[in-house]
Protein chains: 2
Amino acid sequence: MVNPTTMKEIARQLGVTVSTVSRALQNHPSIGLRTRERVHELAKRLDYVPNPTAINLKRRRTHNIGVVLPFLTEQFFSTAISAIEDVAISKGYSVVVMQSRNDYERERLVVGNLVKHGVDGIIVSLASETQNNSHFLEVNKHGIPIVFFDRVARNLPNSCVYVDVTAGAIEAVEFLLSLGLSRIALLNGPGTLQATDERLKGYVTVMNRHGIPINRAYVRSVNLSKEDTAKKMGELLDLPEPPQAVLAFNDYVALDAMQVCRQRGLAINQDIYFGSFSNLPFCSYLEHPPIASIEQFPHEMGTKAIQLLIAGIENPEHFTREEVVIPHKLIVRQ
Amino acid sequence: MVNPTTMKEIARQLGVTVSTVSRALQNHPSIGLRTRERVHELAKRLDYVPNPTAINLKRRRTHNIGVVLPFLTEQFFSTAISAIEDVAISKGYSVVVMQSRNDYERERLVVGNLVKHGVDGIIVSLASETQNNSHFLEVNKHGIPIVFFDRVARNLPNSCVYVDVTAGAIEAVEFLLSLGLSRIALLNGPGTLQATDERLKGYVTVMNRHGIPINRAYVRSVNLSKEDTAKKMGELLDLPEPPQAVLAFNDYVALDAMQVCRQRGLAINQDIYFGSFSNLPFCSYLEHPPIASIEQFPHEMGTKAIQLLIAGIENPEHFTREEVVIPHKLIVRQ
DNA sequence: AAAAACTACGCAACCGATTGTGTAGCGTTA
DNA sequence: TAACGCTACACAATCGGTTGCGTAGTTTTT
């Protein structure tokens, strides 16, 4: 069953040395034509597959790239990974995935695993609970390049790829205002996420710009769980003057919030409007989707992230920190 | 920047041999307490991380598991991977993902990559276009265990995990009939997929059971692309006597087909009903979801698949082919 | 006090490749 | 024909660990 065909075996059967076999398989010019042919032939007959581990040991490279993100099941991330995997394969790398589940401890753990595992580089989208970046400093100390995407840590010396969420939030809020909706709530993400601050900043900017006083009760944080979103949305609706529109942290939050609205008999895009981030593909199947969503192009983000990472892996000497801002786009639905 | 601290370096600084360092780090009893402590101390000071590649080479194990499936972006698969990754981590393995994009050639390629990569085992959900399994025989020849899940190849000597789709189809069709709908169409998958046959078998079984003649025009195959689904659904609606209900290959097909219906002014769950497979979570956000869906429990499938695989990796001598049938469940909505 | 038994390491082979260098054997050149 | 140069391999170190076995030096046993 097992097939431990090694160069040594081929060498033994042919009465030559391992180095000859190695060179023959690489078509090294210093090996005679006859010998080369015999080696290739026998290798094929014995189903020889070079041992990648041995080669990695010699080359001090594994051609493995680790990817750490909150949830594989969120389409935003699976789309990004899909793009990452695509580029990786085309460049001869493999992708090792680990999910943090938005849990700081688990993020530490899996990042450590990747280092122990011996990846050549790591791509990370931060867990929402992460407030401490020491585990990444650790990775840097080992000379393993990191690239952050979407949920980035801009205070670290690593490259990152993200969209200008503040600008996106500004566009989204402006759009909602342009519909004549002035009572706009913000169902924001957890305070640990930079993306949360940025959305808030955009929101505040627009409100100020239009001289609309900010209603503190309209601004709420959710921990991204369905339950918390439902609770916070309920609180918004219970307000004496409930919002006419809600800008949600992302489509998942929007959907969960919209469900609460429907349960209370509110008609989406009529009694209440939603704006959100991500523009997830399945929203196109909804009869009443969020009226506007900021597309963040996860495919492009993933692609850019791995390109930066591979560049960093293959040219460590020319490494320079880069911040790539992927253009976002306001998608208005029907 | 780079940190190539090796045992050799530790040994040199401490004036002992590498074997002593190795044993000290493993807390081998034959190493004196004093020496052991000094080694541990220095190792920590130098940020020593054992080189996994070297260890893998010695142990002839990489603790890597390859997973090949059509699309990471389909929630059914990302849920399965998520479960796989979870178990993998808890057992000390890492997951390398590759998507086949339902393309036979790409499947061959990535399976080959995984072998070259040196994974300890592979989990596969077949590409819809795959009609030839020689690439898996190749893998078997190298003694690398494989476990198939969901889209399985039952003619190979490998274990597999799947749901009884035929039984699911039977339940779904029976349910549609119980609603008084007798003109039921089947928007099936590609003929290369075993799952397609099984759905057909279930469909035929119920129709025969109820003495309903099978209308050949009601049974169509789609290649799972949105366009093809739209085309075939359109053809169904153009029939002189269009179906009252459609059993779709999965939720994606159902959604694409439903969209065509809506565009033609048909009300879902009123003018036409849909049954499908997968019960994707986001269907719960739809106002008019497919009335019934067969839940296939991707999380359980993934979990079972990797358990079988790891068992096969760790006890190759007791390997026995297993076919695990995960119980499905008919979900009726609202 | 000599033999036996430990203790605490060192030595060296090994995992499966890659690669720099050394060298027979043969044909060329002068 | 002796010196020289090629061709086509072999030898051996190396990547970074693991592990069986051997053995000084010390302690325990008789």
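What you see is a predicted model; the values in this text were computed from it and never measured. (Residues numbered from 1 in each chain as written. Chains lettered and ligands numbered in written order. Predicted model: local features only at pLDDT ≥ 70, side-chain atom pairs only at ≥ 80, totals over all residues. Heavy atoms only, no water.)

Visitor: I'd love a proper account of the sheet that holds strand S9 (residues 273–278) of chain B, names of residues and values included.
Guide: Residues and elements named next belong to chain B. Overall, mixed pairing links the six strands, which are arranged S7-S6-S8-S9-S10-S12 in an open sheet. In this open sheet, the two strands that pair with only one neighbour each are strand S7 (219–221) and strand S12 (329–332). Here the average twist between neighbouring strands, direction ignored, is 20°. Pairing analysis gives three bridges linking strand S8 (residues 245–248) to S9, with the strands arranged parallel. Opposite Leu 247, over in S9, you have Gly 275 as the bridge partner. Against the sheet, helix H8 (residues 165–178) contacts strand S6 (184–188), S8, S9, strand S10 (292–295) and S12, and its axis sits at roughly 165° relative to S8. (Pairing = 2+ DSSP bridges. Helix = DSSP H or I, 4+ residues; strand = E, 2+ residues; numbered from the N terminus. Axes fitted to C-alpha atoms, helices over the stretch in contact; angles between N-to-C directions. Contact = heavy atoms within 4.5 Å.)

Visitor: Residue-level account of the UniProt feature "domain: HTH lacI-type" (unreviewed entry) in chain A, with values.
Guide: Here the UniProt feature "domain: HTH lacI-type" (unreviewed entry) sits at residues 5–59 of chain A. Strand forms 0% of residues 5–59 of chain A and helix 67%; the C-alpha atoms that close the span are 21 Å apart. (UniProt positions renumbered as here; feature names shortened; annotations may be inferred.)

Visitor: Tell me what's going on with the relation of the copies chain B and chain A, and back it up with residues and numbers.
Guide: Superposition of chain B onto chain A requires a rotation of 180° combined with a translation of 0.0 Å along the rotation axis, giving an RMSD of 0.1 Å. This pairing of chains is accounted for by a two-fold axis. No C-alpha of chain B approaches the rotation axis more nearly than that of Val96(B), which lies at 2.2 Å. Taken together, the interface assignments show that 100% of the residues at the interface of chain B recur at the interface of chain A, consistent with an identical surface on both copies. (Least-squares fit on C-alpha atoms with pLDDT ≥ 70 in both.)

Visitor: Before we move on, could you go through the interface of chain B and chain A and cite the residues and values that matter?
Guide: Reports often express the size of an interface as the amount of accessible area lost when the parts come together. In this assembly, 54 residues from chain B lie in contact with 54 residues from chain A. In terms of surface lost to chain A, no three residues of chain B exceed His142(B), Tyr285(B) and Glu287(B), which account for 14% of the buried area on that side. For the interface between chain B and chain A, the tally reads eight salt bridges. Salt-bridge contacts for Arg101(B) lead to Asp86(A); the nearest nitrogen and oxygen are separated by 3.0 Å. When contributions to the side of chain B that touches chain A are tallied by element, the ones reaching two or more residues are helix H4 (52–59), helix H5 (75–90), strand S2 (94–99), helix H6 (104–117), helix H7 (134–141) and helix H11 (251–263) of chain B. With eight residues, H5(B) is the single largest residue contributor to the side of chain B that touches chain A. Looking at the side of chain B that touches chain A residue by residue, the classes come out as 20 nonpolar, 22 polar and twelve charged. As paired elements, strand S2 (residues 94–99) of chain A and S2(B) share three bridges and run antiparallel to each other. Its bridge partner lying in S2(B), Val96(A) is registered against Val96(B). (Buried area = accessible area lost by both parts, 1.4 Å probe. Salt bridge = Lys/Arg side-chain N within 4 Å of Asp/Glu carboxyl O. Nonpolar A, V, L, I, M, F, W, Y, C, P; charged D, E, K, R; others polar.)

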